[in-house]
Amino acid sequence: MYYIADVDKDKCAETNCHLCTTYCPEANCINYSEEDKSAYVSVDRCKSCEICVYICRDVAKHNAIQMKWIDNLEDRFVIKRVGVVQR
């Protein structure tokens, strides 16, 4: 088991700052959903560096991202050869 960044969609949608998507060092790891008006993490890309947590908490002062065990994520997912599929 390992930690993954998890975005609180409600808090993120209120602020709409996009800083985490800008500062994440892993390409296509944190993306923005126009439908949810919130950032989301591609769990198969996240390296648990916690830079997004620092940016959201200390720079933007939003506290919308925290690290969670992968088994405790609220949004369920299935990893397939083509990537992650949300359920």
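To be clear, the structure that these remarks concern was listed above.
The residue numbering used here restarts from 1 in each chain and proceeds along that chain's sequence as written. Only residues with pLDDT of 70 or above have their local features reported here, since the model is predicted, and side-chain atom pairs are shown and tallied only from 80 upward, although totals for entire chains, interfaces and linings are computed over all residues. In computing side-chain values, all of the structure's heavy atoms are included and hydrogens and water are not.

Asker: In this structure, what is going on with the overall build of the protein? I would like to understand it.
Answerer: To qualify as a helix, a DSSP run of H or I must reach at least 4 residues; to qualify as a strand, a run of E must reach at least 2; elements of each kind are numbered from the N terminus. Check the secondary structure of the protein and you find three helices and six strands. Helices (α) and strands (β) of the protein occur, in sequence order from the N terminus, as β-α-α-β-β-α-β-β-β. Relative accessibility thresholds used throughout: buried, under 20% of the residue-type maximum; exposed, over 50%; partly exposed, between the two (1.4 Å probe, protein chains only). For the protein, buried positions account for 33% of its 87 residues. We call two residues contacting when some pair of their heavy atoms lies within 4.5 Å. Once local pairs closer than 6 in sequence are excluded, the contacts in the protein between residues at least 24 apart make up 55%.

Asker: Just checking my understanding: could you explain the pairing of strand β2 (residues 30–33) for this structure?
Answerer: Within a regular strand, side chains alternate between the sheet's two faces. Pairing between two strands is assigned when DSSP locates at least 2 bridges connecting them. Here β2 pairs with strand β3 (residues 38–41) via four bridges, running antiparallel. Across the sheet, residue Ile 30 finds its bridge partner in β3, namely Val 41. Linking β2 to β3, which pair antiparallel, is a turn of four residues; within it Lys 37 sits at a positive phi near 55°.

Asker: Honestly, the packing of aromatic side chains in this entry has me stumped. Any pointers?
Answerer: Any pair of aromatic rings gets described here by the distance separating the centres and the angle formed by the planes. Between 30 and 60 degrees the pair is tilted, below 30 it is stacked and above 60 it is edge-to-face, where a pair is any two Phe, Tyr or Trp rings, Trp via its six-membered ring, whose centres lie within 6.5 Å. A complete count under the given rule lists one aromatic pair for this structure. With 4.3 Å between their ring centres and 20° between their planes, Tyr 3 and Trp 69 make a pair best called stacked. Of the two residues, Tyr 3 sits in strand β1 (residues 3–7) while Trp 69 sits in strand β4 (residues 65–69), which places them 66 residues apart along the sequence.

Asker: So what exactly am I meant to see when it comes to the environment of Ala 60 here?
Answerer: Along the chain, the position of Ala 60 falls in the loop between α3 (51–59) and β4. Ala 60 gets classed as buried once you look at its relative accessible area, which sits at 16%. Beyond its immediate stretch of four places on either side in the chain, Ala 60 contacts Cys 17, Leu 19 and Ile 55.

Asker: It is not clear to me how α3 should be interpreted in this structure. Could you clarify?
Answerer: For an α-helix the count is 3.6 residues per turn, leaving residues at separations of three or four pointing the same way. When α3 is considered as a whole, its buried residues turn out to be Cys 52, Val 53, Ile 55 and Cys 56. Within α3, the buried residues cover an arc of 165° as seen down the axis, which keeps them to one side. For α3, the secondary structure elements touched by its buried residues are β1, α2 (19–23), β2 and β4. Lys 61 sits one or two residues past α3 and shows a positive phi near 60°. This arc is built from the directions going out from the helix axis to the C-beta atoms.

Asker: Got a minute to help me understand the pattern of salt bridges in this structure?
Answerer: When the charged atoms of two side chains lie near each other, side chains of opposite charge can form a pair. By definition here, a salt bridge exists when the distance from a side-chain nitrogen of Lys or Arg to a carboxyl oxygen of Asp or Glu is within 4 Å. Counted under the stated rule, the structure contains five salt bridges. The residue Arg 57 makes a salt bridge to Asp 58 at a minimum N-O spacing of 2.9 Å. Its relative accessible area of 31% is what places Asp 58 among the partly exposed residues.

Asker: Would you mind showing me how to read the state of the cysteines here?
Answerer: What makes a disulfide is a covalent bond joining the sulfur atoms belonging to two cysteines. Cysteine sulfur pairs qualify as disulfides if the two atoms are within 2.5 Å. Taken as a whole and judged by the stated rule, the model has zero disulfides. Cys 12 takes part in no disulfide bond, and the closest cysteine sulfur, belonging to Cys 20, lies 5.7 Å away. Counting only cysteine sulfurs, Cys 29 is the nearest neighbor of Cys 24, a cysteine outside any disulfide, at a range of 4.1 Å. On the accessibility criterion, Cys 24 (18% relative accessible area) is buried.

Remember that the coordinates give geometry; whether it matters functionally is a separate question.
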